[in-house]
Amino acid sequence: MQTYRIIIVEDEEPARDLLKRYLSASINIEIIGEFADGFEAAKAINSLKPDLVLLDIQLPRLTGFEILEIIEHPAAIIFTTAYDEYALKAFERNAVDYLLKPFSRDRFLQALERAKERMAAKSAPNLETLAESLTPNEPLNRIVVKTGKAIQVVPIEQIEMIEASDDYVSIYTNQERFVKKQTMKYFEERLNPETFIRTHRSYIVNITQIASIELYEKDSYIGILRNGNKVKISTSGYKELKEKLGI
Amino acid sequence: MDNPILKKQYGILLYAAWWILVSGIHFAVLHYFHKQEIAVSVIDSLTSNILFAILSIGLWFWVRYSDIEQKRIWVLIINHAGTAALSIFAWVSLSQLLLAYIQPSKPNYLLFLSDSTPWRAITGTFLYITTILFYYLTIYISNFRDKLSKEAELKELARDAELNWLKLQINPHFLFNSLNSISSLTLSDPDKAQDMIIRLSELLRYSLKQAPQSAVPVIQEIENCTRYLDIERVRFGSRLTYSINLSKDAEEVKIPSMLLQPVFENAIKHGIASTIEPGHIDANIQKQGGILSISITNTYNPEIISSKSTGVGLTNIRRRLMLFFERNDLLSVTKTEKSFTTTLRIPILKSDANI
């Protein structure tokens, strides 16, 4: 019989105790790690490759949603959270279950059974769609990226521009460039529209970074940033840019 | 407020219709009772009434100036009697001059014209009264409508405030996480679970008891915040320590109720919940002249970038202080390398009454 390896991500000790207590009667499971910090949890999920993660959403340093954005290992996910409005969306997608605190032992074991079935069937959840469907449509204050093994948190005010390339986007800061699997639409909807403008199908630019705008060819423009980087500007993007810059 | 006649197209049409009616009567009286010729009667009627129609439009400004609700009634009567005398005098002489000028070759009519002065003055008085009554009625109706819509707006505001008040009292995140802690403690440490249920009940009872816009002694608020912090200590364990220093002479000073808990919630959110390192919250409350100074400081890790913009939690407190004291300079924040301080400066109320 297979043993399922579980990681608990929960920052409150009594809540962690309860999960362990609920799990203690279950056979063929093994708790391979407990984490109170989102950052450590994301690293551990990538390195320990658990079968199942019990994931809280409000966590120190990284939220549960942000963890999902950067983990590569397709673990089954059960959310355990006190209060929010994303439960329905999680069910529509691939979260195994969504437990609202406080939850009973029976309710927990039911979720665990569901997870075991999912794991036995080896149907890997699509983590990216899960992350995207869950991320609240709230303004972003930071973006979590992975560079090699390292996880980095980038404050949005450091972003100069975002460039689309196939399924990915390149995020440029003053010194660095990060690649993230995400859509332009995602950023367009969540970045502050006072600062960030989608100037072109493939570009979002931080307007405080624009040094000059030049005519490229008929009806199309090129924006030159302070550090010399260039962004394409379409006709409609030019209109919006003119409005925001007051020119 | 603009002249209600000129404001809308149908206003002008109705006004024209009214004057056509008046002119018609005027004409009929001249032609049938005074046996004037048709052409003469028409010209007389039109000249006089067009003049009065123009004069009436100007009277609007006079009516606006003589507000029924602001001036005494006898001042109003004197004002209008004066204006009426002046404008009727002007109207009668002007129309008589014009009419004599237009139809000089009819001696019969000229005679009639000078004889008709008293009658014209009486008609003028009647028209003057009709006009100002119409204007006052319009103003009254429009004020009444304004009042109705203002009342509806106020009711809505009050309802919003009440809803916000309820939301302010119970932070669902805190409530459900606490219940989850209790759920865990019932299995591992029933005594502690019971203790926490009691604290939570006291906290809820306190917040349900407070009416919006009421003031309570700061010591009660602090006792409540202590309960809140003790509950949070069960959740966060050794991650949270706190100290509160309330000076003896400040204990009975009244402050808006439920003002401080959100400040502590904010401190927990940014100083404790956002890091696994142990954090500390320190509160100092003392009298400084006519001001109660409350400062709440939390440690924080400067390397951590919050997932949401900071300061949102304090907006509500700022709004409440604004509602209560009508000042927006009572809350300030200061940030150092490792600590974040929220300072409230509460004017000390003279009376115990609710505001």
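Computed from a predicted structure; not experimentally measured.

**Some points on the overall build of chain A**
Looking only at helices and strands, chain A has 8 helices and 15 strands in total. Per-residue burial for chain A yields a buried fraction of 53% across its 247 residues. Partitioning the intrachain contacts of chain A with sequence separation of at least 6 by distance along the chain shows that 55% fall at a separation of at least 24. For chain A, the accessible surface area stands at approximately 11700 Å², while carbon and sulfur atoms represent 47% of it.

**Describing the interface of chain B and chain A**
Tallying the contact residues gives 25 residues for chain B and 28 residues for chain A. Of the roughly 2300 Å² buried at the junction of chain B and chain A (both faces included), carbon and sulfur atoms supply 58%. Contact with chain A buries surface across chain B, with H173, N180 and I305 of chain B losing the most and accounting together for 25% of the total. Our enumeration of links across chain B and chain A arrives at 2 salt bridges. For R235 of chain B, the salt bridge goes to E12 of chain A, with nearest N and O atoms at 2.4 Å. Scanning the region where chain B abuts chain A turns up 4 residue pairs in polar contact (both at pLDDT 80 or more).

**Describing the domain arrangement of chain A**
The parts lose accessible area when they come together, and the size of an interface is often stated as this lost area. Residue and element names in this part refer to chain A. Considered domain by domain, chain A is made up of domain 1 (4–134) and domain 2 (142–245). In this complex, domain 1 contributes 13 residues to the contact, which on the side of domain 2 involves 12 residues. In total, domain 1 and domain 2 occlude about 1100 Å² of area from one another, counting both sides; carbon and sulfur atoms represent 51% of this. A salt bridge links E69 to K180; the shortest N-O distance between them is 2.6 Å.

**Here's the deal with the sheet that holds strand β8 (residues 159–165) of chain A**
All names here are of chain A. Taken in spatial order, the 5 strands line up as β10-β9-β8-β12-β11 in an open sheet, and their pairing is antiparallel. What marks the edges here is a single partner per strand, and that holds for β10 (177–181) and β11 (196–200). Taken pair by pair, the neighbouring strands of this sheet meet at an average axis angle of 20 degrees, ignoring direction. In the sheet, β11 pairs with strand β12 (residues 203–206) via 4 bridges, with the strands oriented antiparallel. Counted as the bridge partner of I197 is V205 from β12.

**Topic: helix α4 (residues 73–102) of chain B**
With 30 residues, α4 of chain B should cover 44 Å at 1.5 Å per step; its first-to-last C-alpha distance of 42 Å lies within 8% of that length. Within α4 of chain B, the full set of buried residues consists of L76, N79, H80, T83, A84, S87, I88, W91, V92, S95, Q96 and L99 of chain B.

**As for the side chain of T63 of chain A**
If you trace the backbone, T63 of chain A turns up in the loop between β3 (52–55) and α3 (64–70). Judged by its relative accessible area of 13%, T63 of chain A falls in the buried class.

**Some details on the sheet that holds strand β2 (residues 240–246) of chain B**
Residue and element names in this part refer to chain B. Here we have 5 strands laid out as an open sheet, ordered β2-β4-β5-β7-β6, and mixed in their pairing. Edge positions in the sheet fall to β2 and β6 (331–335), since each of these pairs with one other strand and no more. For this sheet the average axis-to-axis angle between neighbouring strands, irrespective of direction, equals 15 degrees. Sheet strands in contact with helix α9 (residues 218–236) are β2, β4 (279–288) and β5 (291–299), and its direction is about 170 degrees off that of β2. In this fold helix α10 (residues 260–272) packs onto β2, β4, β5 and β7 (339–347), with an angle of close to 150 degrees to the strand it touches most, β4.

**Details of the side chain of N79 of chain B**
Residue placement: N79 of chain B occurs in helix α4. Non-local contacts of N79 of chain B, meaning those with residues more than four positions away in its chain, are made with W62, S66 and K71 of chain B.

**A word on the pattern of salt bridges**
Per the counting criterion, the structure on display carries 23 salt bridges over all chains. For K248 of chain B, the salt bridge is made with E251 of chain B, and the minimal N-O distance between the two is 3.3 Å. Bridged by salt links that share partners, the residues E10, D56 and K101 of chain A form one connected network.

**Examining the domain arrangement of chain B**
Each assigned domain of chain B is listed here: domain 1 (4–165) and domain 2 (172–347). One C-alpha centre belongs to domain 1 of chain B, the other to domain 2 of chain B; they are set 66 Å apart.

**Considerations on the pairing of strand β1 (residues 4–9) of chain A**
All names here are of chain A. Burial runs high along β1: 5 of the 6 residues are buried. Bridge analysis of β1 against strand β2 (residues 29–35) gives 6 bridges, and the strand direction is parallel. Paired with V9 across the strands is F35, a residue of β2. Note on the crossover from β1 through helix α1 (residues 13–24) to β2: the handedness is right-handed. Across 4 bridges, β1 lies against β3 in parallel orientation. Across the sheet, residue I8 finds its bridge partner in β3, namely L54.

**Re the packing of aromatic side chains**
Applying the stated criterion to the full structure yields 15 aromatic pairs over all chains. Plain terms: the ring middles of Y22 of chain A and F103 of chain A are 6.1 Å apart, the flat faces sit at 55 degrees to each other, and that makes the pair tilted. One end of the pair, Y22 of chain A, is in helix α1; the other, F103 of chain A, is in the loop between β5 (97–100) and α5 (105–120), and 81 residues separate them in sequence. Each member of the pair Y22 of chain A and F103 of chain A is classed as buried. Between Y15 of chain B and W19 of chain B the ring centres are 6.2 Å apart and the planes differ by 80 degrees, which places this aromatic pair in the edge-to-face class. Separated by 4 residues within a single helix, Y15 of chain B and W19 of chain B lie in helix α2 (residues 9–33), roughly one turn from each other.

Cut-offs and rules
Residues numbered from 1 in each chain as written. Chains lettered and ligands numbered in written order. Predicted model: local features only at pLDDT ≥ 70, side-chain atom pairs only at ≥ 80, totals over all residues. Heavy atoms only, no water. Helix = DSSP H or I, 4+ residues; strand = E, 2+ residues; numbered from the N terminus. Buried < 20%, exposed > 50% of the residue type's maximum accessible area, 1.4 Å probe, protein only. Contact = heavy atoms within 4.5 Å. Areas by Shrake-Rupley, 256 points an atom, 1.4 Å probe, with all protein chains shown as cover. Buried area = accessible area lost by both parts, 1.4 Å probe. Salt bridge = Lys/Arg side-chain N within 4 Å of Asp/Glu carboxyl O. Polar contact = N/O pair within 3.5 Å; in protein donor to acceptor, adjacent residues only side chain to side chain. Domains from an automatic or database assignment. Pairing = 2+ DSSP bridges. Axes fitted to C-alpha atoms, helices over the stretch in contact; angles between N-to-C directions. Expected span 1.5 Å × (residues − 1). Right-handed = clockwise from strand over helix to strand, strands pointing away. Phe/Tyr/Trp six-rings, centres within 6.5 Å; stacked < 30°, edge-to-face > 60°.

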